[in-house]
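Reading the structure
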Amino acid sequence: MQWNIFATTDGFPSATETLEILSNTQENLQEVAKNPGMIRTWLEGLVPEVLNFALQIVIAIVIYIIGGKIIRIIVKMVRRSMDRADADEGVRQFVLPVLKYALYVLLIFAILGLFGIATTSAVAVLGSAGVAIGLAWQGSLANFAGGVLILLLKPFKVGDYIVEDAGKNEGTVKEITICYTKLVSADNKVIVIPNGTLSNSSLTNVTAMDKRRIDIAVGISYEADLRKAKEVLRHTAESDPARLPEEETVVFVDKLDESSVNMGIRIWVRTEDYWTAKWRLTESVKYALDENGIVIPYPQLEVQVKQNM
């Protein structure tokens, strides 16, 4: 049985050709009516194709399940290798997800090959789609590039306390992801900052060094004995338990202000002891000056009332 269809060069049959198509169609229908086994033959020929397609689907599912397990094993092996190498926590948080997604892309390409889809064509389609997605997601790509720069240049790492100068956000670095960095503030709030912002603006890494200097300013009255005041302040500063003995303690006159002589104190402590030492030393300075009769001046207002007799 043959199905003949005639068409003109412009794609539309003429009236004569239309009559021939209708005549051929009628003949074909009559032939099918005389031989109903033709439909059964066609269906029987279709069954192997359906079974073959279903078998490919089952094989693809099995490959995906097995491939997913292999990917998880590979990711675990890489994580253990990074643990043995004592890799930075930020590098782990960034590299492992990228590796996982890349392996899943390769697995999908392998499955597409089972269905006869050329990987070169798939790559071309993905490349074209990637250009469109890249134009739409310029900010996200900038954040991804910023994350790579942070991991390469290492201006900070997980566990550091940083201050972002542009937005005045600060906190301890909890996680460095593909596009964002998460901070935990001193009052336990989570701050999410795009990596592009961190890589393109200035920031202060407070805990990058092992030790920090404490600066305390205090004003004394002009009537106070300056030499005694310096001796009291030096003794108080050197008595603090967090002071590093190998570093010099400095006590100096910073400024002669309108109503006070401003004194300065500088000591060095370990970075983790900074805030407790600063608060303790500030309190100790107040107690020491009071015990030695050294007045800390403060603004006062005198009001005189005159009465007419």
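Everything below is about the structure shown above.
Residues numbered from 1 in each chain as written. Predicted model: local features only at pLDDT ≥ 70, side-chain atom pairs only at ≥ 80, totals over all residues. Heavy atoms only, no water.

Remarks on the environment of S221
Structurally, S221 can be placed in the loop between β6 (211-220) and α7 (226-238). With relative accessibility at 10%, the residue S221 sits in the buried group. For the pair S221 and I296, spaced 75 residues apart in the sequence, the C-alpha separation amounts to 6.0 Å. Once residues lying within four places of it in the same chain are set aside, the contact partners of S221 are V261, V295 and P297. (Helix = DSSP H or I, 4+ residues; strand = E, 2+ residues; numbered from the N terminus. Buried < 20%, exposed > 50% of the residue type's maximum accessible area, 1.4 Å probe, protein only. Contact = heavy atoms within 4.5 Å.)

A word on the sheet that holds strand β8 (residues 261-270)
The three strands are arranged β6-β8-β7 in an open sheet whose pairing can be described as antiparallel. A single partner strand is all that each edge strand has here, and the edge strands are β6 and β7 (250-256). Between one strand axis and the next, the sheet turns by 25° as a mean value, whatever way the strands run. Sheet analysis places β6 next to β8, joined by ten bridges and oriented antiparallel. (Pairing = 2+ DSSP bridges. Axes fitted to C-alpha atoms, helices over the stretch in contact; angles between N-to-C directions.)

Focus: the side chain of T249
Within the fold, T249 resides in the loop between α7 and β7. Within the structure, T249 has its side chain in polar contact with the side chain of R243 (distance 3.3 Å). If we ignore the near neighbours within four places in the chain, the residues touching T249 are R234, A237, E238, R243, R266 and I267. (Polar contact = N/O pair within 3.5 Å; in protein donor to acceptor, adjacent residues only side chain to side chain.)

Re the layout of surface pockets
Volume-wise, the largest pocket comes out at about 260 Å³. Around the largest pocket, the lining residues are Y161, E170, A186, V206, T207, R212, T271, E272, D273, Y274, W275 and T276. With three residues, the single largest contributor to the lining of the largest pocket is helix α8 (residues 274-291). (1 Å grid on protein atoms, 1.4 Å probe; cavity = no way out; pocket = protein on both sides within 12 Å on 5 of 7 lines; lining within 4 Å. Points joined across faces, edges and corners; volume = space filled by probe spheres on them.)

Here we look at the sheet that holds strand β2 (residues 169-176)
Taken together, the five strands give an open sheet; going across it, the order is β4-β3-β2-β1-β5, and neighbouring strands pair in antiparallel fashion. One side of each edge strand has no neighbouring strand; the edge strands of this open sheet are β4 (190-194) and β5 (203-205). This sheet shows a mean twist of 40° between the axes of neighbouring strands, independent of strand direction. The pairing of strand β1 (residues 161-164) with β5 spans three bridges and is antiparallel. Paired with E164 across the two strands is L203, which belongs to β5.

Structural notes on α7
Given a rise of 1.5 Å per residue, 13 residues ought to cover 18 Å, and the 18 Å separating the end C-alpha atoms of α7 matches this to within 8%. Regarding α7, the residues found buried are A229, V232, L233, T236 and A237. Seen from one end, α7 has its buried residues packed into an arc of 130°, which puts them on one side. Away from the buried face of α7 by more than 90 degrees, exposed residues R227, E231 and H235 are located. Considering only its buried residues, α7 is in contact with β6, β7, β8 and α8. The opening residue of α7, the one whose side-chain oxygen lies 3.2 Å from the backbone nitrogen of R227, is D225. (Expected span 1.5 Å × (residues − 1). Arc of directions from axis to C-beta.)

Some thoughts on the pairing of β2
Direction of pairing for β1 relative to β2: antiparallel, over a ladder of four bridges. Paired with V163 across the strands is E170, a residue of β2. Once β1 ends, the chain turns through four residues before running back antiparallel as β2, passing K168 with a positive phi of about 60°. As paired strands, β2 and strand β3 (residues 180-184) are joined by four bridges and run antiparallel to one another. The residue bridging I176 from the neighbouring strand is T181, located in β3. Here β2 folds back onto β3 in antiparallel fashion, the turn holding three residues.

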